[in-house]
Each structure stands twice: as C-alpha cells, then as structure tokens.
Amino acid sequence: LFACGLVMLSMFVLQQVILTLDVIPTGLPLHRLGPFGLWFAYFAAAIEYKRWFTPESQAVGFVFVYIAYAIHIVYTVQLLRICAPAKEPPAVAESAGASWWPGEWRLPSAFQHAIWLVAPPKQLED
C-alpha cells in the first residue's frame with residue numbers, strides 16, 4: 001500500500017497543479033474536490049486489505065467508497081459546467097502574438113487564458 005500511496009500523492013498534486021494553472025475560478029470552486037476522491041478510494045482499499053476482518057471496518061470502507069463516488073460525480077458535473085460554452089463570449093485581445101478568436105465564438109471563459117488558438121485576422125495590416 002505504500003507504493004500505491006506514493007502514486008496517489010503524486011497524482012493528487014499533479015491534478016491540483018493542473019486545475020490551478022488551467023482554470024479561472026468562477027463561483028464556488030467545486031472542481032478542486034475531484035482529486036480528493038482518490039484519497040477516499042485509497043483509504044477504502046487500505047481498509048479492504050487489512051489483515052483482520054471486522055464488520056465495522058467494512059462499513060467504514062463502504063462509506064469511503066460512496067464518498068469517493070459522490071466526489072467524482074460532483075467533479076464530473078463541475079467540469080462539464082466549466083467546459084460549457086460561455087453565455088457571452090470572452091473578451092478578445094487584439095495584440096500581435098496573442099491568442100485571438102472571433103468575437104462570436106462562445107469559448108469557455110474558464111479556459112480563456114489557456115486557449116492557444118490563433119484564428120486568421122479579419123483584415124490584414126497595411
């Protein structure tokens with residue numbers, strides 16, 4: 001279980017780093033809960049593989065599994081909400097070398113700083 005715990009720790013940290021760098025928080029940041037589901041599943045597995053069986057520890061393991069399921073459902077719904085097209089399009093930065101997209105494109109506003117999309121300009125510079 002120690003080796004699995006090391007993998008869980010690195011996956012947890014990397015997911016939190018990605019969420020920090022790639023998502024602009026709007027409202028309650030429920031997407032930050034997602035990586036915690038890994039820890040509940042890890043502790044449930046640790047309880048499942050313990051040496052001596054007791055009904056109480058089995059019940060605690062079941063509770064951890066259901067908490068992990070609930071966290072992953074909330075995380076998935078939150079990611080779908082974040083990735084949905086914005087109601088109003090994000091502001092377009094008109095500068096050379098910056099990401100640019102037509103104003104009528106409804107891109108997700110949570111990722112507007114991490115979109116590396118360069119669409120052709122409306123007119124050429126003279």
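Here's what I pulled together on the structure shown here. (Residues numbered from 1 in each chain as written. Predicted model: local features only at pLDDT ≥ 70, side-chain atom pairs only at ≥ 80, totals over all residues. Heavy atoms only, no water.)

## Observations regarding the overall build of the chain
Cut-off, in case you're wondering: Numbering of helices and strands runs from the N terminus, with a helix taken as a DSSP run of H or I at least four residues long and a strand as a DSSP run of E at least two residues long. By definition, residues are in contact when any of their heavy atoms lie within 4.5 Å. Each accessible area value is a Shrake-Rupley result obtained with a 1.4 Å probe; residue values ignore everything except the protein chains displayed when judging cover.
Along its length, the chain carries 3 helices and 0 strands. The linear arrangement of helices and strands in the chain, starting from the amino end, is α-α-α. Considering only residue pairs separated by 6 or more positions, the chain has 48% of its internal contacts joining residues 24 or more positions apart. About 9100 Å² of surface is accessible on the chain, with carbon and sulfur atoms providing 71% of the total.

## Considerations on the packing of aromatic side chains
The following threshold applies: Think of it this way: a Phe, Tyr or Trp ring, Trp meaning its six-membered ring, pairs with another when their centres are within 6.5 Å, and the plane angle makes it stacked under 30 degrees, edge-to-face over 60, tilted otherwise. Categorising residues by exposure relies on relative accessible area from a 1.4 Å probe, with only protein chains included: less than 20% of the type maximum marks a residue as buried, more than 50% marks it as exposed, and the intermediate range marks it as partly exposed.
Under the defined criterion, the tally for this structure stands at 7 aromatic pairs. With a centroid separation of 6.2 Å and an interplanar angle of 65°, the aromatic rings of Phe12 and Trp39 are classed as edge-to-face. Placement of the pair is Phe12 in helix H1 (residues 2-22) and Trp39 in helix H2 (residues 36-48), with a sequence separation of 27 residues. The burial state of Phe12 is the same as that of Trp39; both residues are buried. Judged by centre distance (6.2 Å) and plane angle (70°), the ring pair of Tyr66 and Tyr69 falls under edge-to-face. Here the residue Tyr66 and the residue Tyr69 both occupy positions in helix H3 (residues 55-83), the gap between them amounting to 3 residues, near one helical turn.

## Some remarks on H3
The α-helix winds at 3.6 residues per turn, so residues separated by three or four positions along the chain end up facing the same way. Basically, it comes down to this: Expected span of a helix, by definition, is 1.5 Å for each gap between consecutive residues, and there is one gap fewer than residues.
Taking 1.5 Å per residue as the helical rise, H3 with its 29 residues ought to reach 42 Å, and the 42 Å between its terminal C-alpha atoms agrees with that figure. Here H3 has its buried residues at Ser57, Gly61, Ala68, Ile71, Tyr75, Gln78 and Ile82. Tucked into the core, H3 has its buried residues touching H1 and H2.

## Overview of the side chain of Gln78
Tracing the backbone through its elements, the reader meets Gln78 in helix H3. Each residue touching Gln78, except ones within four places of it in the same chain, is listed here: Leu28, Leu30 and His31.

## Examining the packing of H2 against H3
Threshold: Orientation is described by axes fitted as lines to C-alpha atoms, over the contacting stretch for helices, and by angles from 0 to 180 degrees between their N-to-C directions. Orientation labels follow simple angle bins: below 35 degrees gives roughly parallel, above 145 gives roughly antiparallel, 65 to 115 gives roughly perpendicular, and whatever is left gives oblique. Left-handed is the label given to a crossing in which the near helix is rotated counterclockwise from the far helix by less than a right angle, and right-handed is the label when the rotation is clockwise.
The contact between H2 and H3 brings their axes to 8 Å, and the two run at 160°. With respect to H3, the axis of H2 lies roughly antiparallel. Note that H2 runs across H3; the crossing there is left-handed. In this structure, H2 contributes Phe36, Gly37, Leu38, Phe40, Ala41, Phe43, Ala44 and Ile47 to the contact, and H3 contributes Ser57, Val60, Gly61, Phe64, Val65, Ile67, Ala68, Ile71 and His72.

## Digging into the nonpolar core
Selection rule: The criterion is simple. A nonpolar core is a set of buried Ala, Val, Leu, Ile, Met, Phe, Trp, Tyr and Cys residues joined through side-chain atoms within 4.5 Å.
Leu19, Val23, Tyr75, Ile82, Ala110 and Phe111 together form the largest nonpolar core, which totals 6 residues. Other than its neighbours up to four places away in sequence, Leu19 contacts His31, Arg32, Pro35 and Tyr75. Membership of the second largest hydrophobic core comes to 5 residues, among which are Met8, Phe12, Trp39 and Tyr42.

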